[in-house]
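Below, each chain spelled out in residue letters.
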Amino acid sequence: MLSSGIAMHNENELINGCIKGERKAQRQLYELYSHKMLAVSLRYAKSQPEAEDIIQEAFIKVFKNIESFRKEAKLYTWIKRIVVNTALNYQRSKLYLYPMVDVTEMHDMKEEREDILGRFQMEEMLAMIQELPTGCQVIFNLFAIEGYQHDEIAKELNINVGTSKSQYARAKMLLRNRIENAEKERYEKFK
Amino acid sequence: MLKKSAMKNLSERGMFEDRLKKMFEEAKATPSNDLWTRIDADLANDKANKYERKIFVYQWVAAAAVFIAVSFAAISLFYQQPKPQDNTVATKETVNTNNNDAPSNKIDQKQQNNKAMVNTEGNNSKIDNKIIKSQYDIPIASLPANKTEQENNESPAATGFGNQSYEQIALANNLEKKEKFALHKPESIKLPMYVHIYKRPTVKDLELIVKKEKHEDKFWAGVNFSSGSFDPGFSESGSSFAIANDVATTNRDATSVISGSTSFKNINAESYNLNTTNDEERMSPGISYTAGINTGFRIGKRFTIETGLSYMENTNPSQTSRYIETREESTVPLTMANYGDQAYNLSRVNYSQEEIRLNNSYEFVSVPVKAAYWLLQSDLSLALSAGVSTNIFIQNSVTNQTTDLENIRVKPGDQSPYRNVYFNGVLSTQLTYQLPGANYSIMIEPSYLLALNNMTKEDYYFNSRPKSFMLGVGLRYHFN
């Protein structure tokens, strides 16, 4: 989806241009990563405008701090980390994390239902994730998709590890319920 | 135990998480069209805020520079104002009294006060009835040494000659025009939540100030005009008397040159010491202006070399009470310019009771070469520069307000007391502003010029080290 006017393909050139504050380079960097980053942001947001707000803030941080980018990591990874951190900050005020959920509610969750995901599109899953309570949504994203461990999440969000685990479990349970409901609706439609 | 294991299953990674991660790994979403515009606006706002702070500082720096410059010029002019001169007849009487060849020096005071000028001889004088002739010639070399002492006592201010002292940002810098300021159009803003971006008042202000981030021009050319105070910086030369006396006594037939009761040959060296008299031309500070073309080349990220070609005219008023009649029978004021000539050409020195007010004009072609270091390079740029200006002498004119005395014009050459070329050291501060949407910039430049060598020739009676404080303006065209 890059614009036809992009001349700088070399990532180093792009970074150097951004360091110099060249708007053309900044735009090219945006064009290069905004689509992927918006997908990341959407997982943490409740709507597209909210996700775009996060992206806006994140890219400003990227351009302001690109001098500090060490080329040890991939630029994509570095930008994604900024987007995730921005999203966390954005949602932090809305975070209400239940200390623990009652484990008894989850006793009948069965591992064998995990292949259920294969029948859903990304857009549908995204919509379901966005419908999760903010706390669950954030922890679900961090654990399931970003790959953080619960202790890392707990440290990042300044919560207990147990809270992170329980919130994640709750998120997963809610998602599965929704997936099951969606499957039922589909089944009813084709019946 | 069952509950615990269920919890563990739910909170740990499994196939579900892996599939989900894979699903979102390459996920993409299309941002709305105005997202970049909003980011761009934010970046511009951020830059605007930075410039706003910078501009605030530079405004104060510029204001302080102007204040210092004006204060400096005002103080210089104040101290350079000609002090009250007591060139009364009484002083002249003293001169005559000390001269043994002037027996009738007891001239009635009242009568003398009624006279405008005192001449010494010659019914063929071109001086009108304002210039009244006295009974005695006062040859140039007859000025007694003790006259100086007396006059110094009577009129200390008159000796002041040698002691004179002067002294926004356009937010979308690189956006295409179609995008530029799109955010200002209400129809382009779809989401009310973004309106806060446009509320910043500084943006509009700074639109006027900053368009491009950096000057990347390598070459510019322009015109400039400057004016300011001028101090000719005349002072006595230590060896002037010896030279004049030597020339006069060896190369001239003094008796044929000088008519009157006192022969040039009879004048002793002591009485010929013109430099200690206070009858010499008294210089006041004046003004200087230059107009010309200039050009500059970038030799580094922050360094430029500048040169040009200018016409420079320095003018300053002066007063004298003496005038001379030359061998060519012209009557001219005795000034710094023809001071040397008197030893060779003059027939006599006459004294005027009224001050003869003169206007000196020194014209030069000036070629400055300066190096500038740019402290700030933006639409509003600031540089410090230093260099040397080569001044090629064109002419010196001395005009007077009376119709009785002829004007003096000194051209370059052997007879000129001025060097053909003298050099100025130049220190300046340049403040330039790039006009929006154009390759033109306007420039304001306070500068200080001080002669590095004498404007007058080495063997002349007076040294002159002019100095000027100038305020220049200019227009430049930048070739990108």
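Just above, that's the structure.
Residues numbered from 1 in each chain as written. Chains lettered and ligands numbered in written order. Predicted model: local features only at pLDDT ≥ 70, side-chain atom pairs only at ≥ 80, totals over all residues. Heavy atoms only, no water.

Novice: Let's hear about the nonpolar core: which residues, and what values?
Specialist: One finds Leu29(A), Phe63(A), Ile79(A), Phe140(A), Phe24(B) and Ile39(B) to be the most contacted residues of the largest nonpolar core, which totals 67 residues. By residue number, the principal contributor to this core is helix 2 (residues 23–44) of chain A, which donates ten residues. Residue-level mapping places this core at the junction of two domains, with at least three residues from each of domain 1 (8–95) and domain 2 (103–189) of chain A. (Core = buried A, V, L, I, M, F, W, Y, C linked by side-chain atoms within 4.5 Å. Buried < 20%, exposed > 50% of the residue type's maximum accessible area, 1.4 Å probe, protein only. Helix = DSSP H or I, 4+ residues; strand = E, 2+ residues; numbered from the N terminus. Domains from an automatic or database assignment.)

Novice: Describe the packing of aromatic side chains, listing the residues and the values that go with them.
Specialist: Geometrically, a pair of aromatic rings is defined through the distance of the ring centres and the angle of the planes. Tallied over the full model, the rule gives 21 aromatic pairs over all chains. Note on Phe140(A) and Tyr168(A): the rings are 5.6 Å apart at their centroids and 15° apart in plane angle, and the pair reads as stacked. With Phe140(A) in helix 6 (residues 134–145) and Tyr168(A) in helix 8 (residues 161–190), this pair connects stretches of sequence that are 28 residues apart. You'll find Phe140(A) and Tyr168(A) in the same group, each marked buried. Chaining the aromatic ring pairs together yields one cluster made of Phe230(B), Tyr362(B), Phe364(B), Phe393(B), Tyr418(B) and Tyr422(B). One cation-aromatic arrangement involves Arg476(B) over Trp220(B); the distance from NZ or CZ to the ring centre is 3.7 Å. (Phe/Tyr/Trp six-rings, centres within 6.5 Å; stacked < 30°, edge-to-face > 60°. Lys NZ or Arg CZ within 6 Å of the ring centre and 35° of its normal.)

Novice: So what's going on with unusual backbone geometry? Residues and values would help.
Specialist: We note that Asn158(A) has phi near 60°; this positive angle belongs to a residue other than glycine. Residue position: Asn158(A) is located in the loop between helix 7 (150–157) and helix 8.

Novice: Describe the pairing of strand 3 (residues 219–231) of chain B, with residues and values.
Specialist: All names here are of chain B. With twelve bridges joining them, strand 3 and strand 6 (residues 286–298) adopt antiparallel strand pairing. The residue bridging Phe230 from the neighbouring strand is Gly286, located in strand 6. Pairing analysis gives 13 bridges linking strand 3 to strand 15 (residues 467–479), with the strands arranged antiparallel. The residue of strand 15 that forms the bridge with Val223 is Leu475. (Pairing = 2+ DSSP bridges.)

Novice: Talk me through the pairing of strand 12 (residues 421–434) of chain B; I want residue IDs and the actual numbers.
Specialist: Residues and elements named next belong to chain B. Here strand 10 (residues 380–400) pairs with strand 12 via 13 bridges, running antiparallel. Among the inter-strand pairings, Gly387 is bridged to a residue of strand 12, identified as Val426. As judged from the nine bridges shared by strand 12 and strand 13 (residues 440–451), these two strands associate in the antiparallel manner. By the bridge assignment, Leu431 is partnered in strand 13 with Ile444.

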